[in-house]
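Examining the three-dimensional arrangement
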Amino acid sequence: MSDATDFIRHYHQRTKHQINAYAAGPASLDWDDQPNPFRRFSGCEIVTLPTPGSDLDALFAELDNPERISSQALDLQSLGLLLELSFGLSAWKQFGPDRWALRCNPSSGNLHPTEAYVLCSDATLLIPGVYHYVSHDHHLERRGQFKVNPVNSEIFIALSSIHWREAWKYGERAFRYCQHDIGHALAALSYAAACLGWSIELCSSVADSEIAAGLGLNQATDFIASEHESADILCRIITPSSPSNHFNPVCLSSLFASTQWFGTAEQLSGRHFYRWPIIDDVSKQAEKPATPIEHWQPEPVYLAIPKYNLTASKLIRQRRSAQNFNGKADPIPLADFQRMLCSLLPNQKPPFSAWNWSPAVHIFIFVHRVENLAPGLYFLPRNTTDIPSLQAAFSADFVWQTVPAPCSFYLLTPGNVRQAAQTLSCHQAIASDSAFSLGMLARFADTISTAAWNYRRLFWECGLLGQILYLEAEAVGLRGTGIGCFFDDAVHGVLGLKDDDWQSLYHFTVGTPKDDNRLQTLPAYTHLLSN
């Protein structure tokens, strides 16, 4: 390949699902060797966090105006709540002898490639150093200790990906799903911080290599080769005690260079029967260098109070990925649908307050059952400047009829689109039995031509939008689920797209869930209380 952008295009085209052929993946699943969803490091000091499960006063609607939420003091209790509400367990499910955990941050296939680390330079909270969060045990493993005195007392959260966890099931397409999950996790962290009256600053200028050095991910002998972690993002946690200035990468560099490392990663799988070298290749080509600091401020958007205005912490813990929908349920109220649409528009509230770039992703929607809204294919632009180019790229048969709503919204073509939605989403009924399903259309060619690593950023933006939909669905008494399996070019064909200027990167669906009564739901952390 001539350059990184060409390789990204090659990878993206190669990993598209087609109606007559799926992207390369394992011929069968080795269930006995499924990767352990909980990474642990042996040989590390354990820092126990206070018992999880505490509720916070902030209501979900109050996250629309987070400046009004009282700030919690930074201590181990509040740090533990931040980690739990972002990455911790939300419940256990059991079917017969099989038992598996659910988490507050959603993941493709519930495989959880995302790992979370705390970087602490506040000696009153923790010994300054690097800590790995183990969600199962709700504790920290002290992975590294800074050997020089920090200049500022701060807390950072960094995220990385174990690509093997997704590749075990999804093969070559797994790299895409890992990036979705980083977006999910970033949004989850932003929401959790807001519940505590805090905020996060995405340190988007830092190079992947710098994050990897700061987390010890470049200590190759500490990891099984096939189970290494790739650095993704670094976030500064802003609390009442944080310095008032913006992030300064120079302050962390000296700390990273001084770190003394402890422990080795325990093996997640025994056999690694299938290998997918293209994932390592695309990961390298999409590596992010140091970039200029970017801060983008959207306009405020008014949102109506949701129907079920629970405490935000309760709603976060009850979030689930729907497995089936009631295809005969009553239409959902138009006001609930409009609240969900408006929540996707760039805003000054979480999680957009943790996002540094102008929107590159728009939404096309298959409406099935919404009160006072005709079924059909609709379009929600997330910025108005792209509308002319989208109209030129889309099918000439689309009517672009403006729909009265709190936000700009267009009917493209009326009619029953349930079968089309199901077929395009790999024949999955969850796309047609829901109240509506949607796809996320990214400005693709121009974005990756600017910088190859932006390929990941587009998926992060989609994952961030997915996490918004997960929580907004819960807030109106519905349930959502992300759909990573769809026939890419068939979707583009329905829209009339003829090149890669725009590409669909993620699908999602929302409706009335149909519960499986064979499954037991068990509390998240009773295993800690019984020990």
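Structure shown above.
1. Considering the overall build of the chain
Counting secondary structure elements, the chain contains 15 helices and 20 strands. For the chain, the C-alpha radius of gyration of 22 Å lies close to 24 Å, the compact-globule estimate for 531 residues. The principal-axis extents of the C-alpha atoms in the chain amount to approximately 65 × 50 × 50 Å. Here the chain holds 531 residues, and the buried ones make up 60% of them.

2. Observations concerning the sheet that holds strand S20 (residues 520-522)
The three strands are arranged S4-S3-S20 in an open sheet whose pairing can be described as antiparallel. The open sheet has two edge strands, strand S4 (98-103) and S20, and neither has a second partner. For this sheet, the mean inter-axis angle between neighbouring strands, taken without regard to orientation, is 25°. Of the strand pairs in this sheet, strand S3 (residues 89-95) and S20 are connected by three bridges, and their pairing is antiparallel. Opposite Lys93, over in S20, you have Thr521 as the bridge partner.

3. What about the state of the cysteines?
A full pass over the atoms with the stated rule returns one disulfide. Note that Cys426 is cross-linked by a disulfide to Cys485, the S-S spacing being 2.2 Å. An S-S torsion of about -90° defines the bridge between Cys426 and Cys485 as left-handed. With a gap of 59 residues between them, Cys426 in the loop between helix H11 (418-424) and strand S17 (436-443) and Cys485 in the loop between strand S18 (479-483) and helix H14 (488-495) connect regions that are remote in the sequence. A relative accessible area of 21% places Cys485 in the partly exposed class. Cys178 carries a free sulfur, and the closest cysteine sulfur to it, the one in Cys462, is 15 Å from it. We note that Cys203 lacks a disulfide partner, and the nearest cysteine sulfur, in Cys235, lies 6.6 Å from it. Judged by relative accessible area, which is 4%, Cys203 ranks as buried.

Conventions we followed
Residues numbered from 1 in each chain as written. Predicted model: local features only at pLDDT ≥ 70, side-chain atom pairs only at ≥ 80, totals over all residues. Heavy atoms only, no water. Helix = DSSP H or I, 4+ residues; strand = E, 2+ residues; numbered from the N terminus. Rg over C-alpha atoms; globule rule 2.2 N^0.38 Å. Buried < 20%, exposed > 50% of the residue type's maximum accessible area, 1.4 Å probe, protein only. Pairing = 2+ DSSP bridges. Axes fitted to C-alpha atoms, helices over the stretch in contact; angles between N-to-C directions. Disulfide = S-S within 2.5 Å.

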